[in-house]
Amino acid sequence: MSELDLAFGLLDHQLVDPDGRRCGKVDDLAIQGGPGETPVVTAILVGPGAWKSRGRLGRLTARLAGGKTVRVPWETVADVTSAVVLNKSAQELGLGRGDDRAAAWVKRLPGS
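What counts, and at which threshold
- Residues numbered from 1 in each chain as written.
- Predicted model: local features only at pLDDT ≥ 70, side-chain atom pairs only at ≥ 80, totals over all residues.
- Heavy atoms only, no water.
- Patch = residues over 30% accessible without salt bridge, like charges linked within 9 Å, V, L, I, M, F, W, Y side chains within 5 Å.
- Areas by Shrake-Rupley, 256 points an atom, 1.4 Å probe, with all protein chains shown as cover.
- Salt bridge = Lys/Arg side-chain N within 4 Å of Asp/Glu carboxyl O.
- Lys, Arg positive; Asp, Glu negative; His and termini not counted.
- Charge placed at Lys NZ, Arg CZ, Asp CG, Glu CD.
- Helix = DSSP H or I, 4+ residues; strand = E, 2+ residues; numbered from the N terminus.
- Core = buried A, V, L, I, M, F, W, Y, C linked by side-chain atoms within 4.5 Å.
- Buried < 20%, exposed > 50% of the residue type's maximum accessible area, 1.4 Å probe, protein only.
- Contact = heavy atoms within 4.5 Å.
- Pairing = 2+ DSSP bridges.
- Axes fitted to C-alpha atoms, helices over the stretch in contact; angles between N-to-C directions.

**Student:** An account of a positive patch on the surface is needed here, citing residue identities and associated values.
**Tutor:** Together, K52, R56, R59 and R63 give the surface a local cluster of positive charge. Relative to the assigned elements, K52 resides in the loop between strand 4 (40-46) and helix 2 (55-65).

Structure (structure tokens):
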């Protein structure tokens, strides 16, 4: 798979921790390597801060959402299928915090 295929093949894929918890999506990739060097993926970027590279709407949404980005080291990727399976928990990686806050709020709603 070429570098370009890697980016297109991973962007917007669901992240899943070892417990099966869905904990975000791949918003961007951190890639190292200069001219003439082989590019190497070093991290998956998750969160609104990573949306800045997605045009005007992405920059605006990142600003409104607080712009926080979580860097998930590439070494924590256990497998890539239809989802990106991680070998560390969402909590260890700092993922899914928005879901945790939303879940506490949703529990208060009648009928939930």
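Next comes the rest of the write-up.
**Student:** Let's hear about the nonpolar core: which residues, and what values?
**Tutor:** As a rule of thumb, soluble globular proteins bury nonpolar side chains together. Formed by 16 residues in total, the largest nonpolar core has its most connected members in L15, V26, I44, V72, V84, L86 and L95. Every element with two or more residues in this core is listed here: strand 4, strand 5 (70-73), strand 7 (83-86) and helix 3 (90-93). It is strand 4 that contributes the most residues to this core, 3 residues altogether. Dropping the residues within four chain positions of it, L95 is found in contact with L15, R21, C23, V46, V70, V72, L86 and A90.

**Student:** Account for the sheet that holds strand 5, naming residues and giving values.
**Tutor:** To summarise the sheet geometry, strands pair through backbone hydrogen bonds and adopt either a parallel or an antiparallel arrangement. Pairing within the open sheet is antiparallel, and its 3 strands lie in the order 3-4-5. Each end of this open sheet is capped by a strand with a single partner; those strands are strand 3 (28-32) and strand 5. Geometrically, the sheet is characterised by an average inter-axis angle of 35° between neighbouring strands, direction not taken into account. Where strand 3 and strand 4 come together, 5 bridges link them in antiparallel fashion. Looking at strand 4, one finds that I31 is bridged to V41.

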